[in-house]
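A closer look at the structure
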Amino acid sequence: MKVDLNADMGESFGPWPMGDDAAILKVVTSANIACGIHAGDWDVMASTMAIARDEGVGIGAHPGFPDLQGFGRRRMQMPHTSLTNLVIWQFGASLGMARALDAQVRHFKLHGALANMTSEDYDLARAAYEGALRVDPDIILLVLAGTAQEKAARDLGATWAGEIFADRAYNDDATLVTRGQPGAMVHDPTEAAERMVKFVKSGAIFSVSGREVPAACDSICLHGDGPEALAIARSVRAALEADGIELRPMEGRR
């Protein structure tokens, strides 16, 4: 049994740091690097990709809404054609930077409000993923397992991997409990680790109501920007390894 550990990073901006990317990159096997629209900038993208390359960590593009002040977590409405172009623009920047650094972008993951909206709205997910596939038809789409994202990726014939979250609670429909709601976040490293071992070994996610929802548990998201981020990442990795689960960069499904 094997699983990937991913984290969102490259989200610092100029002199303002966000998370401890260098430390997290020693724990994870894949990195979702911001494309400079919801967070990050060109220098941060370059330095984060370079560290990931040197650590042997799989690199992913992590586009979001153009919302620096809100960190990409505020919902926005735009025509599907505009969203497709927004994705192409950000993904192109990621690929160009990686090529300049002699690195490779292996996967693609939507961020924040854009990710939440596409997990609920099939047509929106399809518009976003069509943009990514127009840039790189072979990219691995990292999708929120069991949601409209997965259905869109499957229908497009894309290579995809299912993602579960170590520090987020789930609704019965496999979407994430909205931030700010009671119990939406998991803060205890031990609890997060125990949940992930259970999810991976069961091949399912478990909602706040206790419902078991079968899911492709290919990659575990470890957020890199919270105060408990590093402790949770280390605890999850240690628990998986102790249970004999192999950790390696994600492999796509079709």
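Since we're looking at a predicted model, the values are computed, not measured. (Residues numbered from 1 in each chain as written. Predicted model: local features only at pLDDT ≥ 70, side-chain atom pairs only at ≥ 80, totals over all residues. Heavy atoms only, no water.)

So, the overall build of the protein
Each helix and strand in the protein was counted, giving eight helices and ten strands. Here the protein has a C-alpha radius of gyration of 16 Å; the compact-globule value for 254 residues is 18 Å, and the two agree. With respect to the principal axes defined by its C-alpha atoms, the protein has extents near 40 × 35 × 35 Å. In the protein, buried positions account for 56% of the 254 residues. (Helix = DSSP H or I, 4+ residues; strand = E, 2+ residues; numbered from the N terminus. Rg over C-alpha atoms; globule rule 2.2 N^0.38 Å. Buried < 20%, exposed > 50% of the residue type's maximum accessible area, 1.4 Å probe, protein only.)

Side note on helix α3 (residues 80–100)
Relative to the 30 Å expected for 21 residues at 1.5 Å per residue, α3 spans 30 Å between its end C-alpha atoms, a close match to the ideal helical length. Taken together, the buried positions of α3 are Leu83, Thr84, Leu86, Val87, Gln90, Phe91, Ser94 and Ala98. What you see down the axis of α3 is that its buried residues fit within an arc of 160 degrees, all on one side. Along α3, the residues that are exposed and aim more than 90 degrees away from the buried face are Thr81, Trp89, Arg99 and Ala100. The inward-facing, buried residues of α3 contact α2 (42–55), β3 (58–62), β4 (105–108), α4 (112–120) and α5 (122–135). (Expected span 1.5 Å × (residues − 1). Arc of directions from axis to C-beta. Contact = heavy atoms within 4.5 Å.)

Side note on the nonpolar core
One broad trend across soluble globular proteins is that nonpolar side chains are buried collectively. If you look at the biggest cluster of nonpolar residues, it comprises 77 residues, and the most contacted ones within it are Phe108, Leu141, Ile220, Val236 and Leu240. Per-element accounting of this core gives the leading share, seven residues, to α5. Aside from chain neighbours lying at most four places away, what touches Val236 is Leu5, Ala166, Ala192, Ala193, Met196, Ile220 and Leu222. (Core = buried A, V, L, I, M, F, W, Y, C linked by side-chain atoms within 4.5 Å.)

Observations concerning helix α7 (residues 189–202)
With 14 residues, α7 should reach 20 Å at 1.5 Å per residue; the first-to-last C-alpha distance of 20 Å fits that figure. For α7, the set of buried residues is Ala192, Ala193, Arg195, Met196, Val197, Phe199 and Val200. Looking one or two places after α7, you find Gly203, whose phi comes out positive at around 65 degrees.

Quick word on the side chain of Thr118
Relative to the helices and strands, Thr118 is located in helix α4. Classification of Thr118 by relative accessible area gives buried; the value is 0%. A polar atom in the side chain of Thr118 sits 3.0 Å from the backbone oxygen of Ala115. In this structure, Thr118 is in contact with Leu110, Leu124, Ala125, Ala148 and Gln149, ignoring residues within four places of it in sequence. (Polar contact = N/O pair within 3.5 Å; in protein donor to acceptor, adjacent residues only side chain to side chain.)

Observations concerning the state of the cysteines
Across all of its chains, the model carries zero disulfides by this definition. In this model Cys217 remains outside any disulfide bridge; the closest cysteine sulfur is found in Cys221, 13 Å from its own. Given the relative accessible area of 10%, Cys217 is considered buried. (Disulfide = S-S within 2.5 Å.)

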